[in-house]
Amino acid sequence: MARAVALTMVPMGVSLLVLVVAFYAAVATGYLEARRHREPSPTWARIAGPLSVAAHLLGLILLSAATARSPFTTVSQSLSFLAFSLAALYLLLEATSRVATHGGGFYALAALLAALSVPGLVQGEPMAWADAPRSVPRSLHIGLSLMSTAAVLAGGLLALGYLGAYARVKRHRLAGGAHGPSLDGFQRLLRRASLLGIVLLTPALVLGFRAYGSGAAAGKLPLLTAMIGALLVLLIGAFILWWRRPLRGPLAAWLNLLAVVVLVIGFGIVHPLVLRGGL
Amino acid sequence: MIRGLFHVGVDQHLAPLDVRELVAQDAETSARIVAAMHAEGWASEVALLSTCNRTELYVVTGETDGADLALGAWLRHVPGAPAPNSGYYRREHGLGAALHLLRVTSGLESAILGETEIQGQVRAAHERGQKTATVGPMLDRLFQTALRAGKRARHETGLSAGGVSHGSAAASVVRRIFDTLDDRGVLVVGAGQIAAQAARAVAEIGAGHLVIANRTAARAEALADDLLAATGRQAAVRGLDDLLATIGKAHVAILATGAAPLSVADIETAMKRRREPLLLIDLGVPRCVATAASAVRGVFLYDLEALEQLVAGALASRRESIPAVEALLREELDEFTTWLRGRGAMPALRSLHDWAESIRAAEMRWLPADAPPETREAVERLTRRLVQRLLGRATARVVKGTSSENSDLPTAEDLKSLFGLEEGESR
């Protein structure tokens, strides 16, 4: 009986995870159009955004409950979880700042990540760790890594927003209408995003050592450690600049963007390992 | 069509400044004029709006030549005003008059498109009319509609976006850089009129430490007093000695003095050991800061030319919002006319209720004279509720039918025909 319920929950969860792509795309379009017309973000999009995130969460819960595994046991699931983390983080930012004018970028990236997860989810991609025994440190490591990835991506998007706003103020190109956070506001948001990245990445790193220190991926560990170490250094540098030297805002913003680049390179190393079952 | 509503007035589009000055009234005189006009008896409602650019009268009257009557009555209170046929006076009636007030309140008719002061001035005229009891149901509703439309126009469109004076443009730049100035320093160098205007606009955002530096202490103190009165913020006064150190401690520096311009090296010196950016607003002609200083890291330099570009941009952006504002005003006007049509059913409904009440009172006479007071009171209550409940649904349907022009619903005319009612007359 329980197995039958679980079997119906898988397609329901997957359907929701596929559907949210359309939701995120619609919300992103609403935000981006409003920004193009220099208008406040539309009410429907501000309501549909949280509803999409809630639907995404429900989809992840259903999938996780059905498979009795974490909602990031495959690459596709991980991408979907990453999209969810990014959108949820954006909701937190929107609730505490005037960042709504930049919501389009967040939702568009969430839609892209969620869309990339669709083929694997629909085709029933095999679990990377299907044969491996369950491991709490590994699950925690992956979950925290994905959430810190979301924080780094959010930092990158905010850094782009900051650099754009900085250039506009510097060059006197201040158009009327809704204009989003001040440079001060961006600085505060970027400080928080950088700190969140550090706070999530540090335990992820430690747990990663525990989970893979003696496994098949041990050979790649020095390289991965160097990448994550570089990421941490960049985030710490950015955080310190945002906190203590706002005058160096553009430099700090570039550090946040570099962190995104390192992250993408890191993903390029991790991804084949995951596919080969090495992680 | 709105019957009985008239508007006459002068504004910057039709009348030169000397005519506008002549007819402009302060609050007290405005109240006296509307009370006197109302007392003449030909108008059931009167309201007067007077600002520096416009003086406008709104009246409700059953007379067909209401605009001429209103203009004549008004001008009797304004000695020396140009004659009614001078071409300086705007006359509107019905929908045109209602729409005009909505346009005025939203700032579409203002000299500075989308300015916000007019909203407060319309509110004051409305309150004055309520206080003098010269505003009745129609003007009350019209002013409420206009105030709501004005608020929506400013919040839902870009009509009031950006700064359209040097001061407000400077304030809009400050808002792009700093969330708040509450714990930050604002320095004003110079104490002339343009510096005062910008300082007032920036101080309104907030200023933790406000410093006025000027060669003449007396003028700086006068500006400090002015700022204290206008914004409630205390300013420290000092001379121009060690100006670079003072700039180094400020977050926003407004410069409007004819002193020797600050070079790039000066600004770099001022920026040493700073942690936060510096906004320099240079209002001087010739400039107070070398243009190249804008390249210094963390320095945002805005001179008069840059501020004027912002003003032009803001005005252009406001103009783009006009179609959206006009659509919004049409919505509000529709809502007002719907209410007005519904109100047209009131005399017939009043007649119906009076008729029902007269029947109820007549039937109450059948109650035995020796009925105990409690019984009498209970029957009174019961019959009143019965009448109200019997007429309640019909009343609601007639109001809806009259206001919506929905042919499926009964109108006031149907009601009159069905019950043989005459307005203002109960049987």
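Everything numeric here is computed off the predicted structure, so don't read it as measured data.

Calculation notes
- Residues numbered from 1 in each chain as written.
- Chains lettered and ligands numbered in written order.
- Predicted model: local features only at pLDDT ≥ 70, side-chain atom pairs only at ≥ 80, totals over all residues.
- Heavy atoms only, no water.
- Buried < 20%, exposed > 50% of the residue type's maximum accessible area, 1.4 Å probe, protein only.
- Helix = DSSP H or I, 4+ residues; strand = E, 2+ residues; numbered from the N terminus.
- Pairing = 2+ DSSP bridges.
- Axes fitted to C-alpha atoms, helices over the stretch in contact; angles between N-to-C directions.
- Contact = heavy atoms within 4.5 Å.
- Salt bridge = Lys/Arg side-chain N within 4 Å of Asp/Glu carboxyl O.
- Domains from an automatic or database assignment.
- Core = buried A, V, L, I, M, F, W, Y, C linked by side-chain atoms within 4.5 Å.
- Phe/Tyr/Trp six-rings, centres within 6.5 Å; stacked < 30°, edge-to-face > 60°.
- Lys NZ or Arg CZ within 6 Å of the ring centre and 35° of its normal.
- Expected span 1.5 Å × (residues − 1).
- Patch = residues over 30% accessible without salt bridge, like charges linked within 9 Å, V, L, I, M, F, W, Y side chains within 5 Å.
- Areas by Shrake-Rupley, 256 points an atom, 1.4 Å probe, with all protein chains shown as cover.
- Lys, Arg positive; Asp, Glu negative; His and termini not counted.
- Charge placed at Lys NZ, Arg CZ, Asp CG, Glu CD.
- Buried area = accessible area lost by both parts, 1.4 Å probe.
- Polar contact = N/O pair within 3.5 Å; in protein donor to acceptor, adjacent residues only side chain to side chain.
- Nonpolar A, V, L, I, M, F, W, Y, C, P; charged D, E, K, R; others polar.

Caption draft 1: Looking closely at the pairing of strand β3 (residues 55–60) of chain B. All names here are of chain B. Most of β3 is tucked away: six of the six residues are buried. In β3, alternate side chains face the same way, and those of Thr55, Leu57 and Val59 on one face and Glu56, Tyr58 and Val60 on the other are all buried. Looking at chain direction, strand β1 (residues 5–10) and β3 are connected through six bridges and run antiparallel. Along β3, the bridge assignment pairs Val8 with Leu57.

Caption draft 2: Inspection of the sheet that holds strand β9 (residues 278–282) of chain B at higher detail. All names here are of chain B. Taken together, the six strands give an open sheet; going across it, the order is β7-β6-β5-β8-β9-β10, and neighbouring strands pair in parallel fashion. Either end of the sheet is taken by a strand with one partner, and the two such strands are β7 (235–238) and β10 (299–303). Geometrically, the sheet is characterised by an average inter-axis angle of 15° between neighbouring strands, direction not taken into account. Contacting β5 (185–189), β6 (209–213) and β8 (252–255), helix α8 (residues 193–205) runs over the sheet at an angle of about 160° to β8. Contacts between helix α12 (residues 304–320) and the sheet are confined to β9 and β10, with β10 contributing the most and set at about 80° to the helix.

Caption draft 3: Inspection of the pattern of salt bridges at higher detail. All names here are of chain B. The tally for this structure, following the rule as stated, stands at 27 salt bridges over all chains. A salt bridge links Arg148 to Glu335, with the shortest nitrogen-to-oxygen separation between them at 3.1 Å. Note that Arg148 is positioned in helix α6 (residues 137–156) and Glu335 in helix α13 (residues 322–343), a separation of 187 residues in sequence. For Arg148, a relative accessible area of 36% corresponds to the partly exposed category.

Caption draft 4: Quick peek at the domain arrangement of chain B. Assigned domains within chain B: domain 1 (5–162), domain 2 (166–308) and domain 3 (348–376 + 409–427). When each unit is reduced to the centre of its C-alpha atoms, the spacing between domain 1 of chain B and domain 3 of chain B is 41 Å.

Caption draft 5: Geometry of the nonpolar core. Formed by 115 residues in total, the largest nonpolar core has its most connected members in B:Val252, B:Leu279 and B:Tyr302. Beyond its immediate chain neighbours, meaning those up to four positions away, B:Tyr302 contacts A:Arg168, A:Val169, A:His172, A:Leu174, B:Val173, B:Leu279, B:Leu280, B:Ile281, B:Asp282, B:Leu307 and B:Leu310. One finds B:Ala47, B:Met138, B:Leu147 and B:Phe336 within the second-largest nonpolar core, a separate group that totals 32 residues.

Caption draft 6: Quick look at the packing of aromatic side chains. Under the defined criterion, the tally for this structure stands at 16 aromatic pairs over all chains. Ring centres of A:Tyr90 and A:Tyr107 lie 5.2 Å apart, and the angle between their planes is 70°; this geometry places the pair in the edge-to-face category. One end of the pair, A:Tyr90, is in helix α3 (residues 75–96); the other, A:Tyr107, is in helix α4 (residues 103–123), and 17 residues separate them in sequence. Taken as a pair, A:Tyr90 and A:Tyr107 share a single burial class, namely buried. Taken together, the ring pairs in this structure connect A:Tyr24, A:Tyr31, A:Tyr90, A:Phe106 and A:Tyr107 into an aromatic cluster. The aromatic ring of B:Phe300 is capped on one face by A:Lys170, whose charged end is 5.5 Å from the ring centroid. Lying across the ring of A:Trp243, A:Arg244 places its NZ or CZ 5.4 Å from the centre.

Caption draft 7: Representation of the environment of B:Ala292. Residues and elements named next belong to chain B. Tracing the backbone through its elements, the reader meets Ala292 in the loop between β9 and β10. Classification of Ala292 as partly exposed rests on a relative accessible area of 49%. On a C-alpha basis, the gap between Ala292 and Leu142 in space is 55 Å, while along the polypeptide they are 150 residues apart.

Caption draft 8: Seen up close, the side chain of A:Gln187. Looking at the secondary structure, you find A:Gln187 in helix α6 (residues 183–212). For A:Gln187, a relative accessible area of 10% translates into the label buried.

Caption draft 9: Quick peek at the sheet that holds strand β4 (residues 90–93) of chain B. All names here are of chain B. Spatial strand order, β2-β3-β1-β4: four strands in an open sheet with antiparallel pairing. Among the strands making up the open sheet, the edge pair consists of β2 (45–50) and β4. Going across the sheet, the axis of each strand differs from the next one's by a mean of 15°, ignoring polarity. Sheet strands in contact with helix α4 (residues 95–106) are β1, β2, β3 and β4, and its direction is about 120° off that of β4.

Caption draft 10: Focus on helix α2 (residues 27–39) of chain B. All names here are of chain B. Between its terminal C-alpha atoms α2 stretches 18 Å, which fits the 18 Å expected from 13 residues at 1.5 Å a residue. When we look at burial in α2, the residues that qualify are Thr29, Ser30, Ala31, Ile33, Val34 and Met37. Here the buried face of α2 lies against β2, β3, α3 (66–75) and α5 (117–131). In the segment just after α2, Gly41 is the residue with positive phi, at about 95°.

Caption draft 11: Geometry of a positive patch on the surface. On the surface, A:Arg244, A:Arg245, B:Arg275 and B:Arg297 cluster together into a patch of positive charge. With respect to the secondary-structure elements, A:Arg244 resides in helix α7 (residues 221–244).

Caption draft 12: Up close: the interface of chain B and chain A. Listed as interface residues are 27 residues of chain B and, on the opposing side, 23 residues of chain A. When chain B packs against chain A, the two sides together hide about 2300 Å² of surface, and 49% of this comes from carbon and sulfur. Contact with chain A buries surface across chain B, with B:Arg176, B:Asp179 and B:Arg275 losing the most and accounting together for 34% of the total. For the pair chain B and chain A, the number of links is two salt bridges. Scanning the region where chain B abuts chain A turns up 14 residue pairs in polar contact (both at pLDDT 80 or more). Residue assignment for the side of chain B that touches chain A shows that the elements contributing at least two residues are α7 (166–177), β10 and α12 of chain B. Per-class residue counts for the side of chain B that touches chain A are 14 nonpolar, four polar and nine charged.

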